[in-house]
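The lines below spell out each chain.
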Amino acid sequence: MSEDRKVALVTGGSRGIGRACALELAKAGCDVVINYAGNEEAANKTVEELKALGSNAKAMKFDVANQELVEAAVKEIVDTYGKIDILVNNAGITRDGLFMRMNAQNWLDVINTNLNSAYYVTNPIAKIMIKQRSGAIVNMASISGIYGNAGQANYSTAKAGLIGMTKALAKELASRNIRVNAVAPGFIQTDMTKDLPQEQIVDKIPLKRLGEPEDIAKTVKFLALDATYITGQVIGVDGGLVI
Ligand code: NAP
């Protein structure tokens, strides 16, 4: 393993936005570990694409909401690669519905997968980055966590929590040369948004199109690798939807 190649973990890196982030980091010369929950076929396909870019890539199946599994996975990554330079906390789900009809399971599933997971994954990795005296963390928030979305109280809460975590950790970890930022995507074309009324949404977006996963990935790569004097920021990548 080459010492100067950076090692990145992208949670939920097998499909959608996470896949695009993994590919962008691989193009920039990183060895990328992607995580996924169940769709092995998509994960294997993405690993092949990463390898074709010269990345020493690997897919790891674990539920980011399960602390024990996350800790075992982080240990395995460090045993294999020797370090972790970049963490993209991207895995996420939606369980939309009006709050008055939202059952506790749908609330907890979204908070556990989208927010508590960031604690489980970041806590052991931050310890590694502190020892390394370097690192970059990018959290995948959402415009829902900034302006609140009717029908997404669980998701908006989780994403607002991620933004708070981003700012607090940026302050705690800056002295160890670790930067922590967040991206807040608008409506991006992935499996997560495929059933939404696209025409109605596009009408409200100043740039008059939905985003592509690559629009987010370029920003993640910028924050992870290029933005050496940026920490604690939330970058909206939403075609101008939230201005
Ligand atoms: P997606 O296409 O549904 O992909 C989700 C990815 O997360 C998949 O790789 C999935 O793995 C993985 N995943 C889901 N639950 C997991 C778990 N418990 N443990 C490990 N991995 C898990 O979603 P996306 O649209 O790319 O969204 C990615 C992130 O961007 C999410 O945090 C989402 O909230 C955020 N975001 C998306 C949009 C948008 O418009 N799409 C907007 C704002 C923010 P499997 O394939 O194995 O299930």
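Everything here concerns the structure above.
Please read these numbers as outputs of a predicted model, since none were measured by experiment.

(A) Here's a closer look at the site of the ligand. R15, G38, N90, Y155 and T190 are the nearest of the 31 residues found near the ligand. Within the contact set of the ligand, an oxygen atom lies 2.8 Å away from a backbone nitrogen or oxygen of I17. In this structure, an oxygen atom belonging to the ligand sits 3.3 Å away from a main-chain N or O atom of G186. The fraction of the free accessible surface of the ligand (910 Å²) that becomes covered by protein chains is 93%. Contributions of two or more residues to the shell around the ligand are made by helix 1 (16-27), strand 2 (31-36) and helix 6 (153-173). Residues of the shell around the ligand, tallied by class, amount to 14 nonpolar, 13 polar and four charged.

(B) The arrangement of the packing of helix 1 against helix 2 (residues 40-52) in detail. In contact at an axis separation of 9 Å, helix 1 and helix 2 are set at 15° when each is read in the N-to-C sense. Considering the angle they form, helix 1 stands roughly parallel to helix 2. For the crossing formed where helix 1 meets helix 2, the hand is right-handed. Contact residues: R19, A22, L23 and A26 in helix 1; T46, E49 and L50 in helix 2.

(C) Examining the environment of V237 more closely. By the secondary structure assignment, V237 is in strand 7 (residues 234-237). Between the C-alpha atoms of V237 and S144, which are 93 residues apart in sequence, the distance is 12 Å. Excluding residues within four positions of it along the chain, V237 makes contact with V183, A184, P185, G186, I188, D215, I216 and T219.

(D) Up close: the nonpolar core. The biggest cluster of nonpolar side chains holds 30 residues, and the ones touching the most others in it are L25, V32, L50, M140, V183, I216 and V220. Of all the elements in the fold, those that place two or more residues in this core are strand 1 (7-10), helix 1, strand 2, helix 2, strand 4 (86-89), strand 5 (135-140) and helix 8 (213-226). If one sorts the elements of this core by residue count, helix 1 sits on top with seven residues. V220 has contacts with C21, V88, V138, M140 and V183, leaving out every residue within four places of it along the chain.

(E) Examining a nonpolar patch on the surface more closely. A cluster of nonpolar side chains, I146, Y147 and V242, forms an exposed patch at the surface whose accessible area comes to about 250 Å². Structurally, V242 is set in the segment after strand 7.

(F) Representation of helix 4 (residues 104-132) in the model. Between its terminal C-alpha atoms helix 4 stretches 40 Å, which fits the 42 Å expected from 29 residues at 1.5 Å a residue. Where helix 4 bends most, at N116, the angle is about 40°. R133 sits one or two positions beyond helix 4 and adopts a positive phi of about 60°.

(G) Local environment of helix 3 (residues 67-81). The terminal C-alpha atoms of helix 3, which comprises 15 residues, lie 21 Å apart, in line with the 21 Å expected from a rise of 1.5 Å per residue. Among the residues of helix 3, V70, A73, V74, I77 and Y81 are the ones counted as buried. Along the long axis of helix 3, the arc covered by the buried residues comes to 100°, so they all point the same way. Away from its buried face by more than 90 degrees, helix 3 exposes E68, K75 and D79. Where helix 3 terminates, the next one or two residues include G82, which has phi positive at roughly 85°.

(H) The arrangement of the sheet that holds strand 6 (residues 178-185) in detail. Strand order in this open sheet of seven strands is 3-2-1-4-5-6-7, and the pairing throughout is parallel. Strands with a single pairing partner mark the edges of an open sheet, and in this sheet they are strand 3 (58-61) and strand 7. Between one strand axis and the next, the sheet turns through 20° on average, direction left out of account. Where helix 3 meets the sheet, its contacts fall on strand 1, strand 2 and strand 3, and the angle it forms with strand 3 comes to roughly 160°.

(I) Here's a closer look at unusual backbone geometry. Phi is positive for R133, close to 60°, though the residue is something other than glycine. If you trace the backbone, R133 turns up in the loop between helix 4 and strand 5. Residue class for R133 comes out partly exposed when judged on its relative accessible area of 48%. Positive phi, close to 55°, is recorded for K208, a residue that is not glycine. With respect to the helices and strands, K208 occurs in the loop between helix 7 (198-204) and helix 8. Relative accessible area serves as the criterion here: at 47%, K208 is assigned to the partly exposed category.

Cut-offs applied
Residues numbered from 1 in each chain as written. Predicted model: local features only at pLDDT ≥ 70, side-chain atom pairs only at ≥ 80, totals over all residues. Heavy atoms only, no water. Near = heavy atom within 4 Å. Polar contact = N/O pair within 3.5 Å; in protein donor to acceptor, adjacent residues only side chain to side chain. Areas by Shrake-Rupley, 256 points an atom, 1.4 Å probe, with all protein chains shown as cover. Helix = DSSP H or I, 4+ residues; strand = E, 2+ residues; numbered from the N terminus. Nonpolar A, V, L, I, M, F, W, Y, C, P; charged D, E, K, R; others polar. Axes fitted to C-alpha atoms, helices over the stretch in contact; angles between N-to-C directions. Parallel < 35°, antiparallel > 145°, perpendicular 65-115°, else oblique. Left-handed = near helix turned anticlockwise from the far one by under 90°. Contact = heavy atoms within 4.5 Å. Core = buried A, V, L, I, M, F, W, Y, C linked by side-chain atoms within 4.5 Å. Buried < 20%, exposed > 50% of the residue type's maximum accessible area, 1.4 Å probe, protein only. Patch = residues over 30% accessible without salt bridge, like charges linked within 9 Å, V, L, I, M, F, W, Y side chains within 5 Å. Salt bridge = Lys/Arg side-chain N within 4 Å of Asp/Glu carboxyl O. Expected span 1.5 Å × (residues − 1). Bend = angle between axes of the 7 residues up to and from the residue. Arc of directions from axis to C-beta. Pairing = 2+ DSSP bridges.

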